[in-house]
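Residue-level structure breakdown
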Amino acid sequence: QLQLVESGGGLVQAGGSLSLSCAASGRTFSMYTMGWFRQAPGEEREFVAGITWSGGNTLYSDSVKGRFTISRDNAKNTVDLQMDSLKPEDTAVYYCAADLPATILDVSSVEVVAGEYDYWGQGTQVTVSS
């Protein structure tokens with residue numbers, strides 16, 4: 001079992017920055033690939049960024065590449081998302097999620113499909129004003 005709690009959302013002007021954090025409870029956090037997803041009103045939940053268990057591999061959606069940075073600290077059971085150069089289209093509820101790799105072959109890759117993730121946080125609102 002893994003429980004995830006996001007924090008750090010809020011209101012920011014376009015061009016500004018926000019940092020999201022996800023705190024996990026559970027002894028096996030380091031086994032999980034971690035991802036950030038977002039969902040805007042009327043839209044499907046979409047992949048934003050992900051990081052493998054060791055932090056060795058990261059993956060970003062094209063829409064945030066170069067602006068967002070994902071990182072994790074397995075000693076603290078946290079995964080962070082630093083968001084810079086924010087745009088109004090980044091406005092959404094942001095969710096932290098955990099994916100336990102199915103096989104040893106999956107540990108070095110990041111899953112982008114929301115349905116493959118095993119645990120989810122409750123979400124945190126990010127609003128970017130123009």
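Quick note: structure is the one above.
Structural notes, computed from the coordinates. As the structure is a computational prediction, the values presented were derived from the model and not from experiment.

About the cut-offs
- Residues numbered from 1 in each chain as written.
- Predicted model: local features only at pLDDT ≥ 70, side-chain atom pairs only at ≥ 80, totals over all residues.
- Heavy atoms only, no water.
- Buried < 20%, exposed > 50% of the residue type's maximum accessible area, 1.4 Å probe, protein only.
- Helix = DSSP H or I, 4+ residues; strand = E, 2+ residues; numbered from the N terminus.
- Pairing = 2+ DSSP bridges.
- Core = buried A, V, L, I, M, F, W, Y, C linked by side-chain atoms within 4.5 Å.
- Contact = heavy atoms within 4.5 Å.
- Axes fitted to C-alpha atoms, helices over the stretch in contact; angles between N-to-C directions.

**So, the pairing of strand β4 (residues 33-39)**
- Among the 7 residues that make up β4, 6 are buried, leaving the element largely enclosed by the rest of the structure.
- Note that β4 and strand β9 (residues 92-99) share 7 bridges and pair antiparallel. Counterpart to Q39 in the pairing with β9 is V93.
- The pairing of β4 with strand β5 (residues 46-51) spans 5 bridges and is antiparallel. Across the sheet, the residue bridging to G35 is G50, located in β5.
- Linking two consecutive strands that pair antiparallel, namely β4 and β5, is a turn of 6 residues; a positive phi of about 80° is found at G42 within it.

**A closer look at the nonpolar core**
- Membership of the largest hydrophobic core comes to 28 residues, with the highest contact counts inside it found for M34, W36, L81, M83 and Y94.
- Those elements that place two or more of their residues in this core are β3 (18-25), β4, β5, β7 (68-73), β8 (78-83), β9 and β11 (124-129).
- With sequence-adjacent residues up to four places away left out, L81 is seen in contact with L18, S19, L20, W36, V48, A49, F68, T69, I70 and Y94.
- Within the second largest apolar cluster, 5 residues are counted, among which are F37, A97, V110 and Y117.

**Re the sheet that holds strand β1 (residues 3-7)**
- Spatial ordering of the open sheet is given by β1-β3-β8-β7, a layout of 4 strands whose pairing is antiparallel. Lying at the two open borders of the sheet, with one neighbouring strand each, are β1 and β7. Strand-to-strand twist in this sheet, taken as the mean axis angle between neighbours without regard to direction, amounts to 15°.
- Of the pairings in the sheet, the one linking β3 to β8 comprises 6 bridges and is antiparallel in character. The residue bridging S19 from the neighbouring strand is Q82, located in β8.

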